[in-house]
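# Observations on the model geometry
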Amino acid sequence: ADIRSFENLKNVFTEIQEVDIAVNCVGIYSRQSSIAEFSEKEIKDTVETNLIGAIYVSQLLAPLLIKSKGSLIHISSSLGLVPEKESAVYCATKAGLNMFVKSLALQLADHGVRVNAVCPGPIETPLLENSFPDKKELGVYLSSRPLKRAGKPEEVAALVGFLSSEEAAYITGGIYTVDGGESLM
C-alpha cells in the first residue's frame, strides 16, 4: 500500500477485521548537505511517508485496536530526538512522529490501547547502506557513535516484541531508543 494515500490505505485496511498488534515500520531517510538542496518532491515524500502516513495508519487502525485493546508501535528514529545537520527534514518528521505517539497514547489509553515508539539509530539495513554509498564514510560515521557499530535488525525487533507483549501491559506513550547511544550525543 502507498502509506501516503489515505484512500489507498483505507481500501487495504477494509479487508482487515481484527488487529491485536500493529507495527508501523515505514519510513524514508532524506539527507542533503544544505536545506537549499532538498527538492520539493523529497521534502513532500519524506513528510508524507514518515509523519502523515503514520497518522493515517493510526487513524485507520484505532477502531480495531480499541476493539482488541491492542498495541500500536511506530518505528521512529533516534534522529527524532537529536538533530543531524544533513537530515533536517527527516529529523523534523521523526520528532513530529514522537509527539504524535505521545498524544495518541493519551487519547487511546481510556480504551486500553497502548501506543509506543521505537527509535533505532544506524541499523544494518539497505536504508543505511544506501544513505552511505561510500563505505569509508559509513565507517567513520559508525566509529563516531558510542558503541562504534551499526545495530542489527534483530536488536530492534527484540524491543518491538517486548513492547507488543503482555509483559509491557503497563507501558504506553514511551519513546524507546535502540541506537547504540547515538541519542546521547
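With that out of the way, let us pick up helix α3 (residues 88-109). The end-to-end C-alpha distance of α3 is 32 Å, a good match for the 32 Å that 22 residues give at a rise of 1.5 Å each. Within α3, burial applies to Val-89, Tyr-90, Cys-91, Thr-93, Lys-94, Leu-97, Asn-98, Phe-100, Val-101, Leu-104, Ala-105 and Leu-108. The inward-facing, buried residues of α3 contact α2 (40-68), β2 (71-75), β3 (114-120) and β4 (175-178).

A word on the side chain of Glu-42. Tracing the sequence through the fold places Glu-42 in helix α2. If we ignore the near neighbours within four places in the chain, the residues touching Glu-42 are Ser-30, Arg-31, Gln-32 and Glu-37.

Time to look at the sheet that holds β4. Pairing in this open sheet of four strands is parallel, and the strands run β1-β2-β3-β4 from one edge to the other. Lying at the two open borders of the sheet, with one neighbouring strand each, are β1 (21-24) and β4. Neighbour-to-neighbour, the strand axes of the sheet open up by a mean angle of 20°, direction not taken into account. Relative to β2, β1 is paired through four bridges, and the arrangement is parallel. From the neighbouring strand, Ala-22 faces β2, where its bridge partner is Leu-72. Packing of α3 onto the sheet brings it into contact with β2, β3 and β4, and relative to β3 it is tilted by some 160°. Seen against the sheet, helix α6 (residues 153-164) touches β1, β2, β3 and β4 and runs at an angle of roughly 170° to β3.

Assignment of secondary structure puts Phe-100 in helix α3. The spatial distance from the C-alpha of Phe-100 to the C-alpha of Pro-63 is 17 Å, given a sequence separation of 37 residues.

Attention shifts here to the packing of aromatic side chains. Counted according to the given criterion, the structure contains three aromatic pairs. On the basis of an interplanar angle of 70° and a centroid distance of 5.3 Å, the ring pair of Phe-6 and Tyr-56 is categorised as edge-to-face. Residue Phe-6 is found in helix α1 (residues 6-13), and its partner Tyr-56 is found in helix α2; the two are separated by 50 residues along the sequence. It is Arg-145 that lies over the ring of Tyr-141; its NZ or CZ is 4.3 Å from the centre.

The rules behind the values
- Residues take numbers from 1 onward in each chain, read along the sequence in its written order.
- Local features in this predicted model are restricted to residues whose pLDDT is 70 or higher, and side-chain atom pairs enter the listing and the counts only when it is 80 or higher, whereas totals over whole chains, interfaces and linings include all residues.
- Water and hydrogen atoms play no part in the side-chain values, which are based on all heavy atoms of the structure.
- Going along the chain from the N terminus, every DSSP run of H or I of four or more residues is numbered as a helix, and every run of E of two or more is numbered as a strand.
- The length a helix should cover is 1.5 Å for every residue beyond the first.
- Burial here depends on accessible area, computed with a 1.4 Å probe over protein chains only, as a share of the maximum for the residue type. Under 20% is buried, over 50% is exposed, and the range in between is partly exposed.
- Residue contacts follow a heavy-atom distance rule, with two residues in contact if any of their heavy atoms lie within 4.5 Å.
- A pair of strands is labelled paired if DSSP reports no fewer than 2 bridges between them.
- Under this scheme, a helix contributes an axis fitted over its contacting stretch, all axes are lines through C-alpha atoms, and angles between N-to-C directions fall in the 0 to 180 degree range.
- Stacked, tilted and edge-to-face are the three classes assigned to paired rings of Phe, Tyr and Trp, where Trp is represented by its six-membered ring and a pair needs centres within 6.5 Å; plane angles under 30 degrees give stacked, over 60 edge-to-face, the rest tilted.
- Working rule: Lys NZ or Arg CZ, within 6 Å of ring centre, within 35 degrees of ring normal, means a charge sits over the ring.

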